[in-house]
Structures are given as structure tokens and as C-alpha cells.
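Residue strings, one per chain:
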Amino acid sequence: MGALESLFRKLLSVMPYQARERLELGLEDALATGDPAMVYHRLSELDTNYYGGDLRPPDVEEYYKSYPGKPRIPLPPPVKASGVDALEAITRRRSRRSYVSPIGLRELGSILYYAVGVTGRAWWGGPKRTYPSAGALQPVEAYVSASHVEGLGPGLYHYHPPTHSLETLKKGNYSRTLERIALDQEHVGEAPAVVILTAVYARTASKYGYRSYRYIHWDTGFAGENIYLAAEALGLATVAVGAFYDRQLCRLLDIDCTWEIPMLLFPIGRRP
Ligand SMILES: Cc1cc2nc3c(=O)[nH]c(=O)nc-3n(C[C@H](O)[C@H](O)[C@H](O)COP(=O)(O)O)c2cc1C
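Residues numbered from 1 in each chain as written. Predicted model: local features only at pLDDT ≥ 70, side-chain atom pairs only at ≥ 80, totals over all residues. Heavy atoms only, no water.

Draft legend 1. Region of the structure containing the overall build of the protein. A tally of helices and strands in the protein yields 10 helices and 11 strands. Its C-alpha radius of gyration of 20 Å places the protein within 12% of the 19 Å reference for a compact globule of 272 residues. Dimensions of the protein, computed from the C-alpha atoms along their principal axes, are close to 60 × 45 × 45 Å. Counting all 272 residues of the protein, 50% fall into the buried class. A separation of at least 24 residues holds for 73% of the contacts in the protein among residues at least 6 apart in sequence. Approximately 13,600 Å² of the protein is accessible, and the part contributed by carbon and sulfur atoms is 55%. Distance from the positive charge centre (31 side chains) to the negative charge centre (29 side chains) of the protein: 4 Å. (Helix = DSSP H or I, 4+ residues; strand = E, 2+ residues; numbered from the N terminus. Rg over C-alpha atoms; globule rule 2.2 N^0.38 Å. Buried < 20%, exposed > 50% of the residue type's maximum accessible area, 1.4 Å probe, protein only. Contact = heavy atoms within 4.5 Å. Areas by Shrake-Rupley, 256 points an atom, 1.4 Å probe, with all protein chains shown as cover. Lys, Arg positive; Asp, Glu negative; His and termini not counted. Charge placed at Lys NZ, Arg CZ, Asp CG, Glu CD.)

Draft legend 2. Inspection of the domain arrangement of the protein at higher detail. The domains assigned to the protein are domain 1 (3-43) and domain 2 (72-270). Placing the centre of domain 1 and that of domain 2 at their C-alpha centroids yields a distance of 34 Å. Taken together, the contact between domain 1 and domain 2 spans 6 residues of the former and 5 residues of the latter. Taking both partners together, domain 1 and domain 2 bury about 430 Å²; carbon and sulfur atoms supply 52% of that area. Considering only the surface of domain 1 that becomes buried against domain 2, Tyr-40, His-41 and Leu-43 emerge as the three largest contributors, covering 83% of it. Between domain 1 and domain 2 we count 4 residue pairs in polar contact (both at pLDDT 80 or more) in total. In terms of residues, the side of domain 1 that touches domain 2 owes the most to one element, helix α3 (residues 37-43), which gives 3 residues. Broken down by class, the residue content of the side of domain 1 that touches domain 2 amounts to 5 nonpolar, 1 polar and no charged. (Domains from an automatic or database assignment. Buried area = accessible area lost by both parts, 1.4 Å probe. Polar contact = N/O pair within 3.5 Å; in protein donor to acceptor, adjacent residues only side chain to side chain. Nonpolar A, V, L, I, M, F, W, Y, C, P; charged D, E, K, R; others polar.)

Draft legend 3. How the structure looks around the nonpolar core. Judged by nonpolar contacts, the single largest core of 54 residues is most densely connected at Leu-108, Leu-112, Val-144, Val-195, Leu-249 and Leu-265. Among the elements that make up this core, the one with the highest residue count is helix α5 (residues 105-116) (7 residues). Here Leu-108 is in contact with Ile-103, Val-144, Val-149, Leu-152, Ala-193 and Val-195, once residues within four sequence places are set aside. Core analysis: the second largest hydrophobic core is formed by 9 residues, Met-15, Ala-19, Leu-43 and Tyr-50 among them. (Core = buried A, V, L, I, M, F, W, Y, C linked by side-chain atoms within 4.5 Å.)

Draft legend 4. Expanded view of the site of the ligand. Close to the ligand lie Arg-93, Arg-94, Ser-95, Arg-97, Gln-185, His-187, Tyr-228, Val-239, Ala-240, Val-241, Gly-242 and Ala-243. A distance of 2.8 Å separates an oxygen atom of the ligand from a polar side-chain atom of Arg-93. Interatomic distance of 2.9 Å between a backbone N/O atom of Gly-242 and a nitrogen atom of the ligand. In isolation the ligand offers 620 Å² of accessible surface; the protein chains occlude 52% of this area. The residue makeup of the shell around the ligand, split by class, is 5 nonpolar, 4 polar and 3 charged. (Near = heavy atom within 4 Å.)

Draft legend 5. Fine view of helix α10 (residues 246-253). Among the residues of α10, Leu-249, Cys-250, Leu-252 and Leu-253 are the ones counted as buried. Angularly, the buried residues of α10 cover 160° about the axis, an arc narrow enough to put them on a single face. Set apart from the buried face of α10 by more than 90 degrees, the exposed residues are Arg-247 and Arg-251. Tucked into the core, α10 has its buried residues touching β5 (140-146), β7 (155-160), β8 (165-171), α6 (175-181), β9 (193-199) and β11 (261-270). (Arc of directions from axis to C-beta.)

Draft legend 6. Highlighting the state of the cysteines. All chains considered together, the criterion is met by 1 disulfide. Each sulfur of the disulfide joining Cys-250 and Cys-257 lies 2.0 Å from the other. Because the sign of the S-S torsion sets the handedness, a value of about 85° for the bond joining Cys-250 and Cys-257 places this disulfide among the right-handed ones. An identical accessibility class is assigned to Cys-250 and Cys-257; each is buried. (Disulfide = S-S within 2.5 Å.)

Next comes the structure, spelled out in C-alpha cells:
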């Protein structure tokens, strides 16, 4: 038996019976369409007889990642009103790929806060955030690569929502590294800051089994639209960037690309 067949048999042995039926259906559809993504698509559909398979992710008890050993930089309070109302921001929103440096720390902090910030408490004590989230599990994490931000040294940071602060992961200017990771998209390298959204898949997978991989994309989409709309309201420029070399980005962020997955980059700058 070849290595692939052996792996496949092992996979079957850890899948619940009904999920094996779904796998068969998915493989048939993958063959019919030529698209292997159909396998996952069928495995993660729900119907009255099928509630998805089980996953055994590592325990993730917290709603946010934190880096206790890393120096924390408090962010200024977010801008509370900009004069652009929500409906206007929605209709004016555009992907903007030219950036003027620098941006202010308050502008950057406002983008992070409106993207994934804590805005309240749920009845069970967990946080509520600016973005809706399947099961309120809130998998989205935000990192920042800063190169020209007033009052912030060049470096790679993690946003810590409960304290509205940045945790310093690495010092140095990573703009050109990110540009290369984003398939040489120049606008990524030229931005004074790039917000990187990841999803802690393990958080969502602790509840939703095979469907979780869908949910983390929906959750991140909402947080990403928050970035677009906050940038619009603040007169800043941004674009969602989904083309990047996953493994290289994971190495830069020091994440595993399995239980935490990179989702989108958002270069941020002032408008020309
Ligand atoms: C999931 C996703 C991935 C995207 N990836 C890129 C990208 O890698 N580079 C880029 O310049 N724009 C990217 N975009 C932006 C789209 O090109 C843009 O939204 C589209 O052209 C429509 O323009 P609008 O946003 O101004 O309405 C992406 C958008 C989405 C939603």
C-alpha cells in the first residue's frame, strides 16, 4: 500500500461513520467538478441527519491571545466620532492602494479597536466585540507590522483587545518582507502600517467540528469590513489582501498555520 493510501485509511479510521458517507459524496463531487475543495464543502454541510464531524483541537481557554513576557504599549483612546455616518461610510468604501506616511498611533489604534475591539460583556461574562462571531468564540486576532507610525518604533506587534494595547513581538521594519510574502504587491510594502488578521481555528473548532473552517472565514470577513468602514470614516486608505504565501506569513508571526491560520492583510495609510 502506498503512503497516500495508508494516510487515507488512517483518516477514515478517525472519522465518524456519517462523515465517512459525506467524504464519499465529496469525493464524487470533487471528481465531477475537478475541484478537491468539494470534499471539504460536503463534509461541512449540515442537514437534519448530519451535524458535522468532531475535531479534537488543543484547549484554548482564553478569548484573546496574549504575550505576557512582551513589553506592552498602551494605545491612545480610539476616535469616537468622525463626522462620517455609517451609511455614508458603507457607500463610499473603496479598496485604496496608495498610501501616504506616516499615520498617527491614535489612527492605528482606532482601526484596531473598530476591527476587533471589546465593546461589552455577554451575560456569561465573556467579551462582546465589534464583529459578530459564531458561538461568540471570537477567533480573530490582529497583528500590526509598523514602519512609519508616529510614536511607535518599527516592529511587529500583537493587538491585545482587553487592554487596548500593543505587545511588541519583534523590533525592525518588516514592510519589504511582507511585500514579498504578499506576492510582491508594492502597495503592501509602501503602507506605513499593515494590519494582519489571523483566526485561532482551535477556538471555533472547540465547538463546531468540521463546520468551523467556514465560520472562521465569516467571522474574519466581518472584522475585515469593520477595518474598511473605520478607514473610510477616518479618511484613511486600505485594501483587503488575500494573496500571500501562507507558510511564510506563519513563520514571520510565529504561528503554526493549523490551529492559528493567517486570513487577511490590510495595508493602512493616509490618502494621497
Ligand atoms: C477576500 C479578498 C481578497 C482580496 N485580495 C486582494 C489582494 O491580494 N490584493 C489587492 O490589491 N486587492 C485584493 N482584494 C480587493 C479586491 O480587489 C477589491 O475588493 C475589488 O476589486 C472590488 O473593489 P472595491 O473593494 O473597491 O469595491 C481582495 C478582496 C477580498 C474581499
